[in-house]
Structure formats: C-alpha cells, structure tokens
Amino acid sequence: RSSKQGTGRVMWRTEQQDTFPKGKQSKSFDFQAGDWQELSVPLEVKGKLAHLRLLFPDATGPTEIDWIEVGAMDSKGKDRKRWDFREDPKPSKQD
C-alpha cells in the first residue's frame, strides 16, 4: 500500500546476463493510494530469472509491500517462490 498513487516499474535480468539491460526488460504497473491491493505484473522472461528490481516513484510517504510471489505463469504453483515481508504480530503473553 502507498500513501500516494503512481506508476512503478519492475526490471529483471536472467542468469545469462551480468547486468540489467538498459532500456529493456522492464514493465510498468499502476497502483492506487490507500488500502492494500494485490497487483499482478506478467513478465516475458526468456531464460531463468535471476534478479528482480522494483522501482517506485519518489513520494513523501512510505510504500509498503506485504508479499511478492514469482513463478512461471503456466507452473500452477510448481516452481513458485514467495517472500513475505509483513512482520508477524508478537505472540501474546499468557499468565
């Protein structure tokens, strides 16, 4: 979620690439301000994905990410990787 709406960008490189290709392999996405939203950004990766870069516009407020999931569109859950960023609430103390 973000305090301001805007357009972000995802860049990627594959195992065969040492650096991010300039002006290539990027995809833009729009997001709204306010509540949590789930975004899907399909990428046309040729080869094995090695590195993702998320770019957000400059903003005076924070942009929060709960989770990111990456996988082949036809994998149906196989070979997917998920990263969860939201901290778990602290367990309550029991007396």
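Rules of the game
Residues numbered from 1 in each chain as written. Predicted model: local features only at pLDDT ≥ 70, side-chain atom pairs only at ≥ 80, totals over all residues. Heavy atoms only, no water. Phe/Tyr/Trp six-rings, centres within 6.5 Å; stacked < 30°, edge-to-face > 60°. Buried < 20%, exposed > 50% of the residue type's maximum accessible area, 1.4 Å probe, protein only. Helix = DSSP H or I, 4+ residues; strand = E, 2+ residues; numbered from the N terminus. Lys NZ or Arg CZ within 6 Å of the ring centre and 35° of its normal. Polar contact = N/O pair within 3.5 Å; in protein donor to acceptor, adjacent residues only side chain to side chain. Salt bridge = Lys/Arg side-chain N within 4 Å of Asp/Glu carboxyl O. pLDDT = per-residue confidence, 0-100.

Engineer: It is not clear to me how the packing of aromatic side chains should be interpreted in this structure. Could you clarify?
Structural biologist: The geometry of an aromatic ring pair is captured by the separation of the ring centres together with the interplanar angle, meaning the angle of the planes. One pass over the full model with this rule turns up 3 aromatic pairs. Seen from their ring centres, Phe29 and Phe31 are 6.3 Å apart, and the 45° between their planes marks the pair as tilted. Assigned by exposure class, Phe29 and Phe31 land together as buried. Ring geometry for Phe31 against Phe56: centres 5.8 Å apart, planes inclined by 75°, an arrangement best described as edge-to-face. With Phe31 in strand β2 (residues 26-31) and Phe56 in the loop between β3 (49-55) and β4 (67-70), this residue pair connects regions lying 25 residues apart in the sequence. On the basis of relative accessible area, Phe56 is assigned to the partly exposed category, the value being 31%. Among the aromatic residues, ring-to-ring pairing joins Phe29, Phe31 and Phe56 into one connected group. One residue, Arg82, lies across the ring of Trp67, its end atom 4.0 Å from the ring centre.

Engineer: I'm lost on unusual backbone geometry in this one. Help?
Structural biologist: One can expect most non-glycine residues to show negative phi and most peptide bonds to be in trans. Phi is positive for Gln25, close to 50°, though the residue is something other than glycine. Positionally, Gln25 belongs in the loop between β1 (6-14) and β2.

Engineer: Just to check I follow, could you spell out the side chain of Ser2 for this structure?
Structural biologist: Note on placement: Ser2 falls in the segment before β1. Its relative accessible area of 7% is what places Ser2 among the buried residues. There is a polar contact of 2.8 Å between the side chain of Ser2 and the backbone oxygen of Lys4.

Engineer: Help me understand the pattern of salt bridges in this model?
Structural biologist: Should their charged atoms come close, side chains of opposite charge can pair. A full pass over the atoms with the stated rule returns 3 salt bridges. Its salt-bridge partner being Glu64, residue Arg1 comes within 2.8 Å of it at the nearest N-O pair. Within this pair, whereas Arg1 is found in the segment before β1, its partner Glu64 is found in the loop between β3 and β4, the two being separated by 63 residues in sequence. Between Arg80 and Glu69 there is a salt bridge, with the nearest N and O atoms lying 3.5 Å from each other. With Arg80 in the loop between β4 and β5 (81-84) and Glu69 in strand β4, this pair connects stretches of sequence that are 11 residues apart. Assessed through its relative accessible area of 34%, Arg80 is described here as partly exposed.

Engineer: How should the confidence of the model for the protein be read in this particular structure?
Structural biologist: In regions of low pLDDT, the predicted coordinates are not meant to be interpreted in detail. Per-residue pLDDT for the protein averages 85, and the proportion of residues at 70 or more is 87%. No element of the protein has a lower mean pLDDT than β5, which averages 90, and none a higher one than β2, which averages 94.

Engineer: Please clarify how the environment of Thr19 should be interpreted in this entry.
Structural biologist: Structurally, the position occupied by Thr19 is in the loop between β1 and β2. Thr19 gets classed as exposed once you look at its relative accessible area, which sits at 56%. For the pair Thr19 and His51, spaced 32 residues apart in the sequence, the C-alpha separation amounts to 9.4 Å.

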